[in-house]
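# Examination of the molecular architecture
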Number of protein chains: 4
Amino acid sequence: MIKIGIVGISGYSGLSTLEILLNHPNVRVMYVSANNTRGKLNDIWPRLKSRTKLFCDRYNSEIAIKECDCLFLAVPHTVSMMITPQLIKAGKRVIDLSGDYRLDRVSEFKRWYHSAHQDGRNLKKAVYGLPELYRADIQKAQLIANPGCFPTAAILGLAPVAAMYADQIQSIIIDAKSGVSGAGKKATLGFSYCEVNENFKAYRVLNHQHTPEIDLYLSQLSGTKMTVHFVPHLLPVSRGILETIYVQLSSNISPGKLMTQYKRFYKTEPFVRVMDAGQQVELKNVQNSNYCDISLAFSPDKRLLVITSVIDNLLKGAAGQAVQNMNIMYDIEENTGLK
Amino acid sequence: MIKIGIVGISGYSGLSTLEILLNHPNVRVMYVSANNTRGKLNDIWPRLKSRTKLFCDRYNSEIAIKECDCLFLAVPHTVSMMITPQLIKAGKRVIDLSGDYRLDRVSEFKRWYHSAHQDGRNLKKAVYGLPELYRADIQKAQLIANPGCFPTAAILGLAPVAAMYADQIQSIIIDAKSGVSGAGKKATLGFSYCEVNENFKAYRVLNHQHTPEIDLYLSQLSGTKMTVHFVPHLLPVSRGILETIYVQLSSNISPGKLMTQYKRFYKTEPFVRVMDAGQQVELKNVQNSNYCDISLAFSPDKRLLVITSVIDNLLKGAAGQAVQNMNIMYDIEENTGLK
Amino acid sequence: MIKIGIVGISGYSGLSTLEILLNHPNVRVMYVSANNTRGKLNDIWPRLKSRTKLFCDRYNSEIAIKECDCLFLAVPHTVSMMITPQLIKAGKRVIDLSGDYRLDRVSEFKRWYHSAHQDGRNLKKAVYGLPELYRADIQKAQLIANPGCFPTAAILGLAPVAAMYADQIQSIIIDAKSGVSGAGKKATLGFSYCEVNENFKAYRVLNHQHTPEIDLYLSQLSGTKMTVHFVPHLLPVSRGILETIYVQLSSNISPGKLMTQYKRFYKTEPFVRVMDAGQQVELKNVQNSNYCDISLAFSPDKRLLVITSVIDNLLKGAAGQAVQNMNIMYDIEENTGLK
Amino acid sequence: MIKIGIVGISGYSGLSTLEILLNHPNVRVMYVSANNTRGKLNDIWPRLKSRTKLFCDRYNSEIAIKECDCLFLAVPHTVSMMITPQLIKAGKRVIDLSGDYRLDRVSEFKRWYHSAHQDGRNLKKAVYGLPELYRADIQKAQLIANPGCFPTAAILGLAPVAAMYADQIQSIIIDAKSGVSGAGKKATLGFSYCEVNENFKAYRVLNHQHTPEIDLYLSQLSGTKMTVHFVPHLLPVSRGILETIYVQLSSNISPGKLMTQYKRFYKTEPFVRVMDAGQQVELKNVQNSNYCDISLAFSPDKRLLVITSVIDNLLKGAAGQAVQNMNIMYDIEENTGLK
């Protein structure tokens, strides 16, 4: 039994991680903490009543190190990098759900997260936890940077075409729509019910901190520098992300051939499903699951490819993917706990 | 042209009041204020862009008194009673949308609002602004206590039966369901989108501060002491209240006769509609209007009467009723601005 | 491995049953059917893509009998009673999610469902599948009448007080609020998005077909004839039922004592949770689970008891309870597949 | 007083038209009809109770012609072209809210609406009722083709840049998100509450019938053939459309200059509001109003322009624009009834 700790249990990602792990046959959750709440976990999350006897306290690294083999950090960015060095030094495995270890350079982090990075050493060691692209590295990793929710849907949607047709891609526009839980559990006016319900809007237009993460891993994959235009919108649903991705091509591609290539690319993947031609992905088909569904469509001249990609932002976009990474790290069947 | 001021323009009731008055032919809004915001009203509420040039500042009683004839106070309770005495002294008319002047005794206020009342003198002078019951008093009033949203739906739903069958009423249970705007514009976790969406719950069970207000005015109307059991619930919609009211009777009543009595009671009322037998009220029929719709149903033995009553909590439950009161006070046709 | 058939796979209850059983270690789903759809199950429900290879056809009793040990009937009422006799005769175990076998007399069925009952013989044999009250009977049953969603929340909410204080109960009013999936998967104007969203209303006031089911089993439990007043409302959420139950008592009850009695009554139940005093149940705490959560509150004079009871209508109110019943029938641990 | 008829009163656009006109000082609604409903309008739409005494019957051209000066056709496409010829011949003014008279050629209609056009003669006479571009023609028109909801938001969002920078525009992608009322009042499974709520999806990708309408009027405006890529999505809200429009440019444009040009272009328009730099449009700012709000944003290299455009699909996208057109046709102040 792997002994697990979850730091940041009062947020939605922390709760989701716990709910998966409570039913996971190979682990035992030993430790949970949160910064602003202390008490029985049952009282903090009444939905857990009678399902756990865990007690939540402020984070204490000594206890965490003593009690756990592997820690999930479901905390806001800049918090992870304060906690991680000690855990790594103590030989623990760490799966970080924040944005702290996803970019490759401290300068990039500073530019997009507006804070100086405090742990450049581990930033270099961290493995980007997207199993479909980095499974072999994840297996050997001590520190996982669990991908952002937007990048997960974007990179999985684009990977095959980026890998095989990089030189034909002229531009990529990602029009993303995210459910509200993506913003975390917060008492903010902008995320209050009356402001979000029956509303819709774009935000951080061409300026979202997940953009460089998409650029970085698409560029690694394709071997060329790739830059996407990324525009997120706030969708009045609790969970789920749909991205409509417009790829402009310098010459046409055969739709049938690309479909075959997508299906082959993801053939052995347990959590990516490529829809048949003419069928469109929908949020509800992936909610409460770890799947990423992908559809392809083409303009009549085959020069514009429209990819739609959906995930549940709390699962494949956060907790589900984190557990998938843990399964890989510990050589457990990859979909354990995620069926 | 009546010169109007609105205190508390950054909340939903204040905004609703303004939106009605911007299209009201007999008034001119001269002054708006809010405690936590300063700036062009267009910037505070982008939906007002190009519709007003008003500027919002912190409340200043001298300016308010100088510029206005009549003030709407759309502020939290305990704030109104700090502002009102000066305005009353200066001869202004005041329509208070808070709970400060609705109860009849300072002791009751203290018990339910957990604050000492600071203005007992005007508490006595205030007229309860429910036009269907107090129209004559409203006409002559200087200070209006605009009814709470729950009491408006409850009292209008119950008034005819309470007035005519008081001695037969054994118990009254009000199961109320309110949209989220009833809680005001707040950055509170409990009203954040992810907590409210797809959720439903009761709160302040048998312990809500609107209970004594319902008791008080039903008792005045019926001439007997009446006590209701009141249980509110939070409904995942932005606006609207539906109350299901269970009246247990000591002997049966004729449904046909009661229906006739309800229709007669409200025959000349511009904003109360009694549904025909067998037809149930719905929130959507009153949203964005000043109507209160009422349905009646009976158990087979005619000893249980089930009244359903709906209003838009921001209109008949707040701003709409406030303007209706103003129209009455200034002898303007009662539905002006409210069609 | 128990060989399972699901009749009515195109509806929400059928799908929910399948989704539970696909992860259940002791069963294998061999057969699915629907009346209006034919094809790969993956195409009918794209969310099942890559999770099953089942093919759906019109119901054929010979095939069903040949391939299955146990059948779940997730069909509209009046359909079950056409199918059931043959299955019972062939020795199959049947769990019927419709209303066909819940009442005890054909005359009652006729009165509330407006159709003549075609299978009075099995109506007598059927066991009411509420494990908390009828576990021993369920173990030996061949035919289970899986309870209605409203009765499940109502009876579980009331059982302890009805069992222990029957002679003090003067009246019971149930104000129920149900999510839209309770109405099934239908192309009906009244359940279209624009009619339900941001709306709320009561329907079938004091006239819903689940009323006699509640009366029947409360009466059995208490040994006295009990009659409830039941008023359902349509809640703008996809799944979940909350019932606010008002019990008027002839003499007061001690809140502390009743709380203890409730906790003791459900002490060994895996799926009923009694909230602590002062804590209110919420839909979101039971959604996607098989729990029924119950809260208790009292009026100051302890003569009015307010019970709030919540379930997920598709799980504890339908598919989850059906699987719980199957587990009991086959002597499998009761929460298998339902954690 | 202009005598008005509304054909298709049982749908959302017909109802919206009526609700505007009931408060319009210059008109009187004399006649309403619907194909599938007959009865008092109050019974068909309970929200109109006590507001009108109109009676609804099946459409009868003789009565319509006798009683009305001007008719609004709020019917499905292919129905308008059956009704219109007679009305035009009788000298009536017609405002058609369907798609029947929006395209310029019968062949285009056939291609996109999959039906043969039956009234090519009036197709030529019809004026496209987008006041911001065709006000002078509308004034003299007898037959108005009221624009589609998607084209209204698209063309208004693009008009200034299309008019002034046509030769620099390399490609236009419109990612549109529409509330559900855009699909009309229909008992269709795909628009049932449980299918739409908490869901999101693209549909008719690059294949929607509003595409040629956008192309046609942008081309007229710019004097060059323009082709857009149009992808609509279904948004889980009742009303409102937001379009995110990506304009790729062959050389950079000055953001400040373009902003000035947009503001100037719409300076005298009563219903178009251009947001200041950095401010994003939101659905809620235009719901229940006739406004179209527009924001502009640029990529760092100023080669990608991102326009966001919002309207209420039932008002500026249908009934509101129809009344605006009527006001222009009858030389009434343009915002009468629409404030």
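To keep things clear, this report deals only with the structure shown in the data block.

Quick notes on the rules
Residues numbered from 1 in each chain as written. Chains lettered and ligands numbered in written order. Predicted model: local features only at pLDDT ≥ 70, side-chain atom pairs only at ≥ 80, totals over all residues. Heavy atoms only, no water. Least-squares fit on C-alpha atoms with pLDDT ≥ 70 in both. Contact = heavy atoms within 4.5 Å. Helix = DSSP H or I, 4+ residues; strand = E, 2+ residues; numbered from the N terminus. Buried area = accessible area lost by both parts, 1.4 Å probe. Salt bridge = Lys/Arg side-chain N within 4 Å of Asp/Glu carboxyl O. Core = buried A, V, L, I, M, F, W, Y, C linked by side-chain atoms within 4.5 Å. Buried < 20%, exposed > 50% of the residue type's maximum accessible area, 1.4 Å probe, protein only. Pairing = 2+ DSSP bridges. Polar contact = N/O pair within 3.5 Å; in protein donor to acceptor, adjacent residues only side chain to side chain.

Two chain copies here: they are related by a rotation about an axis and a translation along the same axis. Here chain A sits on chain B after a turn of 180 degrees about the axis and a move of 0.0 Å along it, with an RMSD of 0.0 Å. The symmetry that links the two subunits is that of a two-fold axis. Most of the interface of chain A is mirrored in chain B, where 100% of its interface residues are also at the interface.

Looking at where S33 of chain B falls in the secondary structure, it is placed in strand β2 (residues 27-33). Ignoring any residue separated from it by four or fewer positions in sequence, one finds S33 of chain B in contact with I6, V7, G8, I9, C56, D57, R58 and Y59 of chain B.

The operation relating chain D to chain A is a screw motion whose rotation component is 180 degrees, with 0.0 Å of axial translation and a residual RMSD of 0.0 Å. Interface overlap between copies: 100% of the residues of chain D at the interface are likewise at the interface in chain A, consistent with a symmetric, same-surface contact.

Quick look at the interface of chain D and chain A now. Taken residue by residue, the interface counts 37 residues in chain D and 37 residues in chain A. Both faces combined, the contact of chain D with chain A buries some 3,000 Å², and carbon together with sulfur accounts for 61% of it. Of all residues in chain D, E198, F200 and Y246 of chain D bury the most surface against chain A, accounting for 19% of the area lost on that side. For the pair chain D and chain A, the interface holds 6 salt bridges.

What follows is about the nonpolar core. Among soluble globular proteins, nonpolar side chains are generally buried collectively. Membership of the largest hydrophobic core comes to 392 residues, with the highest contact counts inside it found for F72 of chain A, F72 of chain B, F72 of chain C together with F72 of chain D. Ignoring any residue separated from it by four or fewer positions in sequence, one finds F72 of chain A in contact with I4, G5, I6, V7, T17, L21, I95, L97, A322, V323 and M326 of chain A.

All names here are of chain B. Ordered in space as β3-β4-β2-β1-β5-β6-β8-β7, the 8 strands form an open sheet in which the pairing is mixed. Taken across any chain shown, the strands that pair with only one partner, and hence form the sheet edges, are β3 (39-40) and β7 (127-128). Here strand β1 (residues 2-7) pairs with strand β5 (residues 70-73) via 4 bridges, running parallel. Bridge assignment links V7 to a residue of β5, and that residue is L73.

Residues and elements named next belong to chain B. With 9 of 9 residues buried, strand β12 (residues 241-249) is to be regarded as a mostly interior element. Along β12, one buried face is formed by I241, E243, I245, V247 and L249 and the opposite face, lined by L242, T244, Y246 and Q248, is buried too. Taken together, the 9 bridges between strand β9 (residues 169-178) and β12 define a ladder with antiparallel strand orientation. Following the sheet pairing, S178 is matched in β12 by I241. In this structure, β12 lies alongside strand β15 (residues 304-311), joined through 8 bridges in antiparallel fashion. Looking at the pairing, I241 lines up with I311 of β15.

Attention shifts here to the interface of chain A and chain B. Between chain A and chain B, the residue contacts involve 18 residues of the former and 18 residues of the latter. Note on chain A versus chain B: buried area summed over both sides is about 1,500 Å², and carbon and sulfur give 62% of it. Run the count over chain A and chain B and you get 0 salt bridges. Along the contact surface separating chain A from chain B lie 8 residue pairs in polar contact (both at pLDDT 80 or more).

Both faces of the sheet carry side chains from a regular strand, because those side chains alternate between them. Residues and elements named next belong to chain D. Taking burial as the measure, the 7 residues of strand β14 (residues 292-298) include 7 buried ones, the bulk of the element. Going residue by residue along β14, you find C292, I294, L296 and F298 tucked away on one face and D293, S295 and A297 tucked away on the opposite face as well. Bridging between strand β13 (residues 272-274) and β14 involves 3 bridges; their strand directions are parallel. In the sheet register, V274 faces β14, and the bridge partner there is I294. Sheet topology places β14 next to strand β15 (residues 304-311); 7 bridges connect them, and they run antiparallel. Bridge assignment links C292 to a residue of β15, and that residue is I311.

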